[in-house]
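# Examination of the molecular architecture
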Amino acid sequence: MATRVTSARIIGRTAELAELEAAVADAAEGRPSLAFIAGESGVGKTRLVSELERLAATRHGARVLSGDCVELGEGELPYAPLVAALRPLARDGDPVLAALPGPVRADLAALLPGLAGPDAGIPAAGQDERAQARVFEALLALLTALSADQAVLLSIEDLHWADRSTRAFLAFLAASLCREQILVVGSYRPDELHRRHPLRPLLAELERDVHARRVELAPLTPEELAEQLGDILGSPPGDMLVHRLYARSEGNPLFTEELLATGLDGRGGLPPTLRDALMLRIERLPATAQEVLRLVAVGRRLSHPTLAAASEAEPRELREALREAVAGHILVADDDDGYQFRHALLREVVEDDLLPGERGELHLALARTIEARGLADDPRIAAAIAHHYSQAGDQPAALAASVRAARAAEDIHAFGEAAALYERALDLWAHVPTAADLAGQSQVDVLARAANAHDMEGDAARQETLLRKALSLVDPEQDPVLTAGLLERLHRAEWSLNRQDDALATLDRSLALLPETGGPSPERAWLLATKAKSLMLMGRYRSVVGVARAAIDEARATGARPSEGRAVNALGVAQQGLGDIDAGVASLREAVAIARELGRPQEVCSGYTNLADVLHLAGRTPEALEVALEGRRVAERLGRREEMWLEAAISELAYEVGDWTRAAALPEVGRRHQGTILLNLLLRHAELALGRGDHVAAGEALEAAHTAAEGSREPQFLGVLGALLAEHERRAGDLTAARAAVEEALDRIEFCTDDAQRIARVAMAGVRVEADAAQQARDLGDAEAERRAVVQADLLLERVAIAAEGPRPVEGAYLLTAQADRARAAGADDPARWAAAADAWAVLERPYSTAVAHWRQAEAHAA
């Protein structure tokens, strides 16, 4: 019988190890990457990762962080491998943690309680839509700090069991890594990934990345298996032994080791499967040891105190049982006084052997034991308690525990896990007569919280479904305030789904439930402020003014400062859009002041972004850029390290003032971006690519932006998209497609909008397209086509002229440019007109537009 279970050295993985070690070396040179190790259970993934970790530390001086995913129900254990990887840093008081800025530590405290210090800044709001994004950014900041002076290897095993938050962080990390000295290695079992497994689409995308690699582990060859046997047995194995073990194990290293561990030498009958071989060895343990193994199989990883309480064994008897299990290479002890199986297959064999009633009893014992120890404040432990009660079939306890675990998951911004736990409680609701008492809240409350968790997760469709269910359970006449609040949330879901008209109608329904005759109320103030913002985003500035002022009055009457700030923000944008620049700037500065006074980072960033945009639209672009940069500095002090709206604004403004290096610093579009921020980033990248003449990149970004804008009614995006699409198609010579882009944009933004500048920009682009069309028609001798192009140019020019009425310097520059292109359309290209356009753009300090006008001026002279 073999004296030890495993070989002393790794065998048969030379090429795979060399490839991964090269990735560590690349990381040390500032070339980060991700590597995924795929292989069936027992093929040696863990051994390969362990050897890589050893070499990374000893040969390359890398810092190694490692954690593994935990199989628990539907993956409600949030951030499990990340917490395991980072816990040693917190436990040892790593100085890198202490050196992090206070806001970063505050966000990391969601995973590692106790990190937030007195200088942590404003704490993250639990329902902040960017709360999880800030946790991800804090994790990235920590990894970046750890990798400042040495490479970092982050290994995550068993990704097929990864929770939603861990999967989301992997996607974020893949999109964010740039020049950090970081290598991320993950392992998984391909055979576990069924058709609808949530890891499949993520892996499909990540493994296609140029900075990612997939290392697939095949079974050992007969020669490699002979080498493995020789290392375990201490002498070369006979050919017959190698032949028989290879025939049985098919080259699976774990199966080979376990066959030897059972005392089989290859000459006798062998168990038919690896699971049988594992079970044979487990059955040789004493009865108490087997009982302990059953508890650990159900609990996945259990501390000694939990085992002692749940097993009800005498202390000495428990120690002996654990000693037998560890000595038999079935359990392993970790640094945190816990026990788990040496290999997942060992645990699965024990769990599969449980009788149905036995399984439920073990889950129930663990749930009650863990709950009695008073550890349910930890979100991960709360999720475990809920899981055990659910598996035990105790529906009342499972419902109550699921709601508690969901609230705990919300506290650490694990909204995907919170949503799953709330939905589990909702599934049980009809089966538990005292559900509301056990949950401590009504079914409507739980539906609303589940909807909110899905909102934070970016699943607006599921959010809408849950909110409609909640509304069906509420009587508007009996509880108008609750109904109005649910309708306001439904409005948000519909808006996210690009159904803006439906969203406004829903908001009006909510306002109708709280009529003015009832007197001022904070709820009505918030609804009015929300409506003002929605109308502002749709460019309906005249309507905004009245709604925003009504919201401000109600907010001031009820002391609802957040609603006041939101309404003042919308009012400022509308005032600028209607031509009152000074009033708009003053209102937006007031909105920023209110947000800073209240300590609301999201509103601070919104205020600065809109203030910068208003100044830019008024022709004060250099001043606007300074405001946006100031906003970023303030946001960073408040813990908002990568506020995408401000980043996009800075890129746009830097582009206009000619600082294309700063403009190009915009983050790349990644999997973490969605909704309107995705659309905004795509437009920014497309405009810069067009400016640089990279038409392939521009086309890809514009195609993605056109898809992202489907159903949108926001002129701020549709106007830019239409103008850029028209220019891209015009340069490609497809004037039909360019005309279609102009027509579509105008059709979508002219419907009930007061956003004159976006109309002017699209119409100006259309005049340029018609000038090209007229010139082409003249070249072909097609007088009718030329006439149609000139007529269309006149119609578009009229739109620009209407938009430019009054003191509107940017619209005035659009008009001068469009008039010069109109002359070109008529065959009378005029250098003086282009010189006037160039002068107008120069006054606005927009060098690229100035240069284009001078280029056209030169063409006119040459003509």
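Everything here concerns the structure above.
This write-up is about the structure you can find in this document. For clarity, every value in this text was computed on a predicted model and none was experimentally measured.

What follows is about the overall build of the protein. When helices and strands are counted, the protein shows 42 helices and eight strands. Principal axes of the C-alpha set define a box for the protein whose edges measure 100 × 70 × 50 Å. Looking at the protein as a whole, 56% of its 863 residues are labelled buried. Looking at the protein alone, contacts between residues at least 24 apart form 69% of all its contacts between residues at least 6 apart. Carbon together with sulfur atoms contributes 50% to the accessible area of the protein, which is approximately 35,100 Å² in total. One finds the centroid of the 94 positive side-chain charges in the protein at a distance of 1 Å from the centroid of its 133 negative side-chain charges.

Another aspect to go through is unusual backbone geometry. Even without being glycine, Asp158 reaches a positive phi, approximately 60°. Even without being a glycine, Asn498 presents a positive backbone phi close to 60°. Considering the arrangement of structural elements, one finds Asn498 in the loop between α24 (480–496) and α25 (500–512).

Here we come to the pattern of salt bridges. Scanning all chains against the criterion turns up 61 salt bridges. The residue Arg730 makes a salt bridge to Asp772 at a minimum N-O spacing of 2.7 Å. Highlighted residues: Arg730 in helix α36 (residues 715–732) and Asp772 in helix α38 (residues 756–780), separated in sequence by 42 residues. The exposure class of Arg730 is buried, given its relative accessible area of 13%. Under the relative-accessibility criterion, Asp772 is labelled buried at 16%.

Read across the open sheet, the five strands follow the order β2-β3-β4-β1-β5; overall the sheet is parallel. Strand pairing shows two members of the sheet lacking a second neighbour, β2 (63–68) and β5 (212–216), which therefore form its edges. Strand-to-strand twist across the sheet, computed as the mean angle between neighbouring axes with direction ignored, equals 15°. In the sheet, strand β3 (residues 152–157) pairs with strand β4 (residues 182–188) via five bridges, with the strands oriented parallel. Bridge pairing in β4 links Ser155 to Val185. Its contacts with the sheet put helix α1 (residues 14–28) on β1 (33–38), β4 and β5, and the angle it makes with β5 is roughly 160°. Sheet strands touched by helix α3 (residues 80–91): β2 and β3. Its angle to β2, the strand with the most contacts, is close to 140°.

This part takes up the packing of aromatic side chains. Here the structure, examined in full by the defined rule, presents eight aromatic pairs. Ring geometry for Trp645 versus Phe717: centroids 6.2 Å apart, planes at 35°, classification tilted. In this pair, Trp645 sits in helix α32 (residues 644–657) while Phe717 sits in helix α36, placing the two residues 72 residues apart along the sequence. Of the residues examined, Trp645 reaches a relative accessible area of 28% and is grouped as partly exposed. An aromatic cluster is present here, built from Phe136, Phe169 and Phe172 joined pairwise through their rings. Over the aromatic face of Trp855 sits the side chain of Arg856, whose NZ or CZ is 5.1 Å from the ring centroid.

The angle between the axes and the distance between the axes are what describe a pair of packed helices. Orientation of helix α19 (residues 395–411) relative to helix α20 (residues 415–429), taken along the N-to-C sense of each, is 160°, at an axis distance of 8 Å. Put simply, α19 runs roughly antiparallel to α20. Our pair here, α19 against α20, has a crossing hand that is left-handed. On the side of α19, the interface is formed by Gln395, Ala398, Leu399, Ser402, Val403, Ala405, Ala406, Arg407, Ala409 and Glu410, while α20 contributes Phe415, Glu417, Ala418, Leu421, Tyr422, Arg424, Ala425, Leu428 and Trp429. Per-class residue counts for the contact of α19 with α20 are 13 nonpolar, two polar and four charged.

This paragraph deals with the pairing of β4. Two faces, one strand: in a regular strand the side chains alternate between the faces of the sheet. With respect to burial, β4 is a largely interior element, seven of its seven residues being buried. Where β1 meets β4, six bridges bridge the pair, whose relative direction is parallel. Counted as the bridge partner of Ile37 is Ser187 from β4. In this fold, the crossover linking β3 to β4 by way of helix α7 (residues 164–176) has right-handed handedness.

With that settled, consider the sheet that holds strand β6 (residues 301–303). What the three strands build is an open sheet, ordered β6-β8-β7; its pairing is antiparallel. Either end of the sheet is taken by a strand with one partner, and the two such strands are β6 and β7 (331–333). If you compare each strand with its neighbour and ignore which way they point, the axes differ by 25° on average. With three bridges joining them, β7 and strand β8 (residues 338–341) adopt antiparallel strand pairing.

Definitions and cut-offs
- Residues numbered from 1 in each chain as written.
- Predicted model: local features only at pLDDT ≥ 70, side-chain atom pairs only at ≥ 80, totals over all residues.
- Heavy atoms only, no water.
- Helix = DSSP H or I, 4+ residues; strand = E, 2+ residues; numbered from the N terminus.
- Buried < 20%, exposed > 50% of the residue type's maximum accessible area, 1.4 Å probe, protein only.
- Contact = heavy atoms within 4.5 Å.
- Areas by Shrake-Rupley, 256 points an atom, 1.4 Å probe, with all protein chains shown as cover.
- Lys, Arg positive; Asp, Glu negative; His and termini not counted.
- Charge placed at Lys NZ, Arg CZ, Asp CG, Glu CD.
- Salt bridge = Lys/Arg side-chain N within 4 Å of Asp/Glu carboxyl O.
- Pairing = 2+ DSSP bridges.
- Axes fitted to C-alpha atoms, helices over the stretch in contact; angles between N-to-C directions.
- Phe/Tyr/Trp six-rings, centres within 6.5 Å; stacked < 30°, edge-to-face > 60°.
- Lys NZ or Arg CZ within 6 Å of the ring centre and 35° of its normal.
- Parallel < 35°, antiparallel > 145°, perpendicular 65-115°, else oblique.
- Left-handed = near helix turned anticlockwise from the far one by under 90°.
- Nonpolar A, V, L, I, M, F, W, Y, C, P; charged D, E, K, R; others polar.
- Right-handed = clockwise from strand over helix to strand, strands pointing away.

Function cannot be inferred from these measures alone, as they are strictly geometric.
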